[in-house]
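Structural description and commentary
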Amino acid sequence: MFRRNIHNRILYFLLLGLAFAIPLFRIISSYIIVLVFLNWLLEGRFLQKFQDIRHSHHRLDTLLFSGLFFVYLAGLMYTDNMQEGLFSLQVKLPMFIFPLVFSTLQYDYWKGNRTVCILLAFVAGNVLASLLNLVWAAIQYASTHIPESFYYIRLSMFHHPSYSAMFLCLAEAILIWLLIRDGRRIKTGGKILVLALILFFSIMVILLSSKAGIISLILIFFLTVSYIIFIR
């Protein structure tokens, strides 16, 4: 039990780091994913993990998400460019790792605020990434005086603008979910901060000029308003 708690704690800190790094550093994120898988392997208990999955529909449903990775794996049989196919498979490896890890989690350990802390780490990563993007855009504008420095590809120094916009939309969805779920417990200052971040992320999505991001942003607000009107 002690050994399992150690591995749970390691996984928790790795996921905190991964959530924070995703909007910022792709290479660091890749290394953390490898460490997550190694931690899972070193924990052992494979027979117990298999039994946990077999006796839980929730765990089995989670594991089934890894099936998409094997679809891509089978697709290698039909590719003419094996080198490109193997690289694509390497990029998609988290599709296999995370369903495997999450389907064998010790649920009791993850009760409470641990999951929320991981989600907030992702939000914090987006805040830092957005601020650094704005600083980078300002530096470009200072040297070129081109207004486009604050739009699209020039504004996104860590990822393609579409990825950055989708990360921001997910961060907004997390904040809205927390505001709806814990609104009565959040103090006025906390609510103002959350609303300010939602507005900030929305402006960043618009500046990134990603169609997918803007559509997702509209969809998030539509679903939020619909939920408040028809359910709450």
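Refer to the structure printed above.
Right, let's walk through the structure included here.

How each quantity is defined
Along every chain, residues carry numbers that run from 1 in the direction the sequence is written. Given that the model is predicted, a residue must reach a pLDDT of at least 70 before its local features are reported, and side-chain atom pairs must reach 80 or more before they are shown or counted; all residues, however, enter totals for whole chains, interfaces and linings. In computing side-chain values, all of the structure's heavy atoms are included and hydrogens and water are not. In this description a helix means any DSSP run of H or I spanning at least four residues, a strand means any run of E spanning at least two, and both kinds are numbered starting from the N terminus. Only protein chains enter the area calculation, which uses a 1.4 Å probe; residues under 20% of their type maximum are buried, those over 50% are exposed, and those in between are partly exposed. Whether two residues are in contact is decided by their heavy atoms, any of which lying within 4.5 Å being enough. Counting rule for charge: Lys and Arg are taken as positive, Asp and Glu as negative, and neither His nor the chain ends is counted. For charged residues, the charge sits on one atom: NZ in Lys, CZ in Arg, CG in Asp, CD in Glu. A helix's residues, less one, multiplied by 1.5 Å, set its expected span. Each direction from the helix axis to a C-beta atom contributes to the arc, which is the arc of those directions. Angles run from 0 to 180 degrees between N-to-C directions of axes, and those axes are lines fitted to C-alpha atoms, restricted for helices to the stretch in contact. Just so you know how the angles are binned, under 35 degrees is roughly parallel, over 145 roughly antiparallel, 65 to 115 roughly perpendicular, and the rest oblique. In a left-handed crossing the near helix is turned counterclockwise from the far helix by less than a right angle, and in a right-handed crossing that turn is clockwise. In this analysis the probe radius is 1.4 Å and the grid spacing 1 Å, with only protein atoms considered; a cavity is a set of points the probe fits into but cannot get out of, a pocket is an open set with protein on both sides within 12 Å along at least five of seven lines, and lining residues have an atom within 4 Å of a point. Grid points are joined across faces, edges and corners, and a volume is the space filled by probe spheres set on the points. Three classes are used: nonpolar for Ala, Val, Leu, Ile, Met, Phe, Trp, Tyr, Cys and Pro, charged for Asp, Glu, Lys and Arg, and polar for all others, with Gly counted as polar.

Looking now at the overall build of the protein. Scanning the protein for helices and strands turns up 12 helices and zero strands. Taken from the N to the C terminus, the helices and strands of the protein come in the order α-α-α-α-α-α-α-α-α-α-α-α. On the principal axes, the C-alpha backbone points of the protein span a range of 60 × 55 × 35 Å. A buried classification covers 38% of the 232 residues belonging to the protein. Nonlocal contacts in the protein, meaning residues at least 24 apart in sequence, comprise 72% of its contacts between residues at least 6 apart. In the protein, the 19 positive side-chain charges and the 9 negative ones have mean positions that sit 10 Å from each other.

Let us now look at helix α2 (residues 26–43). Residue pairs spaced three or four apart in an α-helix point in one direction, given the helix's 3.6 residues per turn. With 18 residues, α2 should cover 26 Å at 1.5 Å per step; its first-to-last C-alpha distance of 26 Å lies within 8% of that length. Considered for burial, the residues of α2 that qualify are S29, I32, I33, V36, N39, W40 and E43. End-on, the buried residues of α2 take up no more than an arc of 120 degrees, which puts them together on one face. For α2, the exposed residues lying more than 90 degrees away from the buried face are I27, Y31 and L42. Within two residues after α2, G44 carries a phi angle of roughly 70 degrees, on the positive side.

A separate point is the packing of α2 against helix α7 (residues 94–102). Direction vectors running N to C along α2 and α7 enclose 40 degrees, while the axes themselves pass 10 Å from each other. Comparing their axes, α7 and α2 come out oblique. Along this stretch, α2 crosses α7, giving a crossing that reads as left-handed. Note on element contacts: α7 touches α2 through P94, I97, F98, L100 and V101, opposite I33, V36, F37 and W40.

Within the structure shown, the criterion is met by two cavities of 30 Å³ or more. Here the largest cavity is characterised by a volume of approximately 90 Å³. In this structure, the largest cavity is lined by 13 residues; those nearest its centre are N8, L11, W40, E43 and L105. Counting residues per element, the ones that place at least two in the lining of the largest cavity are α1 (2–21) and α2. Of the residues in the lining of the largest cavity, the class split is five nonpolar, five polar and three charged. Roughly 70 Å³ of internal volume is contained in the second largest cavity. Forming the boundary of the second largest cavity are P23, N126, A129, S130, N133, F158, H159, S164, F167, L168 and M204. Among the elements of the structure, α8 (114–144) and α10 (161–182) are those that each provide at least two residues to the lining of the second largest cavity. A total of four residues in the lining of the second largest cavity trace back to one element, the largest contributor, which is α8. Its residues placed into classes, the lining of the second largest cavity shows six nonpolar, five polar and no charged.

Quantified by volume, the largest pocket comes out at close to 910 Å³. Residue lining of the largest pocket: 21 residues in total, with R26, S30, I33, V91 and P94 positioned closest to the centre. Among the secondary structure elements, those contributing two or more residues to the lining of the largest pocket are α2, α6 (82–91), α7 and α10. The element that contributes the greatest number of residues to the lining of the largest pocket is α2, accounting for six residues. Of the residues in the lining of the largest pocket, the class split is 14 nonpolar, five polar and two charged. The volume enclosed by the second largest pocket comes to roughly 430 Å³.

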